[in-house]
Amino acid sequence: MSTVSTKRRWRRGTGRDGDVDNPTFLSVTPDGSHIYANSEVFTWREGVVSAYRFDGQTAALSYINKQPTLGSITAHNTIARDGTRLLVANYGMGEGGPDRSVVVYGLREDGGLTAPLSSVAHKGNGPDTARQERPHAHSIAETIAGGVAIVADLGIDRLVSYRIGPDGSLTRLAEQALAPGAGPRHVALHPGGRFVFVMNELDSTIVSLALDNLPGRLSVIDTKPAVPAAARDGNHCADIQISPDGRFLYSSNRGHVSVAVFSVDQETGTLALVDYAPCGGATPRNLALTPSGRHLFSANQNADRISIFARDAAMGRLADTGRSIDIGTPMCVKIVP
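Residues numbered from 1 in each chain as written. Predicted model: local features only at pLDDT ≥ 70, side-chain atom pairs only at ≥ 80, totals over all residues. Heavy atoms only, no water.

## What about the overall build of the chain?
Defined as follows: Counting from the N terminus, the helices are the DSSP runs of H or I reaching at least four residues and the strands are the DSSP runs of E reaching at least two. Based on C-alpha atoms, the radius of gyration is set beside the globule rule, defined as 2.2 Å times the residue count to the power 0.38. Buried, partly exposed and exposed residues are distinguished by accessible area as a fraction of the type maximum, computed with a 1.4 Å probe on protein chains only: under 20%, between the cut-offs, and over 50%, respectively. Here, two residues are considered to be in contact whenever any of their heavy atoms come within 4.5 Å of each other. Residue burial considers only the protein chains on display, and all accessible areas are found by Shrake-Rupley using a 1.4 Å probe. Only four residue types enter the charge count: Lys and Arg as positive, Asp and Glu as negative, with His and the chain ends excluded. By convention, the point assigned to a charge is CZ for Arg, NZ for Lys, CD for Glu and CG for Asp.
For the chain, the helix and strand inventory stands at zero helices and 28 strands. Against the globule reference of 20 Å for 337 residues, the chain gives a C-alpha radius of gyration of 18 Å, in line with a compact fold. Taking the principal axes of the C-alpha coordinates as reference, the chain spans close to 50 × 45 × 35 Å. For the chain, buried positions account for 55% of its 337 residues. Relative to all contacts within the chain whose residues are 6 or more apart in sequence, the contacts with residues 24 or more apart total 47%. For the chain, the accessible area works out to roughly 13,500 Å², and carbon and sulfur atoms hold 49% of it. Averaging the positions of the 33 positive and the 33 negative side-chain charges in the chain gives two centres separated by 2 Å.

This is the structure:
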């Protein structure tokens, strides 16, 4: 079963507190029982993140609570591997409100969110004056080993690593600079824990990095274009996912309207292009692989359609099944067990 975030308002539960405005990204607990949805509203000086119970039998959502995110344009969240924390990234725009880049919340026994436990703010900018005028934390991922969070900041062309303390505190460990103007957006983690892969939105590249023995320290291994050279102007990369066996990467291209497929060398972490698959719509904002790895879902934001692809596990290639889910402005897809 898939759970979908769409660019509109969810209305669940009773009363105004049960609503979620413009839920653009969500996370789901491993057992599928709880969902955490960000509200990304450009006119708000501060975002919110909302907690829901999810009934897999009836597909019903029950509102629990919500918390302010201490920053604007709340772009991404992830559940800590030990199940006790929610980590949130704020893209950040405008002035006059709180301006934290990363926020940590505790998860209560009922699945609700505690008040923020800690937060940090990034500083700096990049060479793209239109998109990199300030920090823009776009996503956050916890390493496979756990305890270290990697934040992709599009505005400063950096991956910033933090240790997550037992009390939810964040301690900066390291920074890895990427190419000026790259615009790192989303991260995929190799299941073996050795490699990290980053989708760069602004220069349409994919970077593979080694995760060193020193906690949180990264080093660049390889960089590959995510689209053909003729398509780079006007393209904006979005999501990146890795197959369960770590052998193939899938990255979405808004503009080229494709899902790029790359193979991953399991010894070196270098990348090789396999194919470009048409995304089956327009503006593929988010991707999701089923736990078996047999299918990939592409949330085609401007086509009001989630396309479903069969995946060749041996070769990595995608084939459009002809099946789809028609839904208004799909932004995020999660597979619920």
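## Overview of the nonpolar core
Let me state the cut-off plainly: Here, nonpolar core means buried Ala, Val, Leu, Ile, Met, Phe, Trp, Tyr and Cys residues that are tied together by side-chain atoms lying within 4.5 Å of each other.
Residues Phe197, Ile206, Ile240, Leu249 and Leu271 are the most contacted members of the largest nonpolar core, which totals 14 residues. Mapped by element, the contributors of at least two residues to this core are strand 17 (195-200), strand 20 (236-242) and strand 22 (258-264). In this structure isoleucine 206 touches Val198, Met199, Asp222, Thr223, Lys224, Ala226, Ile240, Leu249, Ser251, Phe262 and Leu271, once residues within four positions along its chain are discounted.

## Description of the side chain of serine 101
Selection criterion: In protein, a polar contact means a hydrogen-donor-capable atom and an acceptor-capable atom, both N or O and within 3.5 Å, with residues adjacent in sequence counting only if both atoms are side-chain atoms; elsewhere, any N or O pair within 3.5 Å suffices.
If you trace the backbone, serine 101 turns up in the loop between strand 9 (85-90) and strand 10 (102-107). At 3.0 Å, the side chain of serine 101 forms a polar contact with the backbone nitrogen of histidine 122. Once residues lying within four places of it in the same chain are set aside, the contact partners of serine 101 are Val88, Ala89, Asn90, Val120, Ala121, His122 and Ala137.

## Focus on the sheet that holds strand 20
Counted only if it meets this: Whether two strands pair comes down to DSSP finding at least two bridges between them. Angles shown run from 0 to 180 degrees and are taken between the N-to-C directions of axes, each axis being a line fitted to C-alpha atoms and, for helices, limited to the stretch in contact.
Across the sheet, which stays open at both edges, the four strands sit in the order 20-21-22-23 with antiparallel pairing between neighbours. Of all strands in the sheet, those with a lone pairing partner are strand 20 and strand 23 (271-278), marking the two edges. Going from strand to strand, the sheet's axes swing by 25° on average, the running direction of each strand aside. The sheet contact formed by strand 20 and strand 21 (residues 248-254) spans five bridges and is antiparallel. Counted as the bridge partner of isoleucine 242 is leucine 249 from strand 21.

## Details of the sheet that holds strand 5 (residues 34-39)
Strand order in the open sheet formed by four strands is 4-5-6-7, and the pairing between neighbours is antiparallel. The sheet is open, and its two borders are formed by strand 4 (23-28) and strand 7 (60-68), each paired with just one other strand. Direction aside, the axes of adjacent strands within the sheet are offset by 25° on average. Pairing between strand 6 (residues 48-55) and strand 7: eight bridges, direction antiparallel. Directly across from valine 48, in strand 7, lies its bridge partner proline 68.

## Quick word on the pairing of strand 25 (residues 295-300)
Across the six residues of strand 25, five count as buried, placing the element largely inside the fold. Where strand 24 (residues 284-289) meets strand 25, five bridges bridge the pair, whose relative direction is antiparallel. By the bridge assignment for strand 25, alanine 288 is matched with phenylalanine 297. In sequence, strand 24 turns back onto strand 25 through a hairpin of five residues, with glycine 293 there showing a positive phi of about 80°.

Read these as spatial facts, not as claims about activity.
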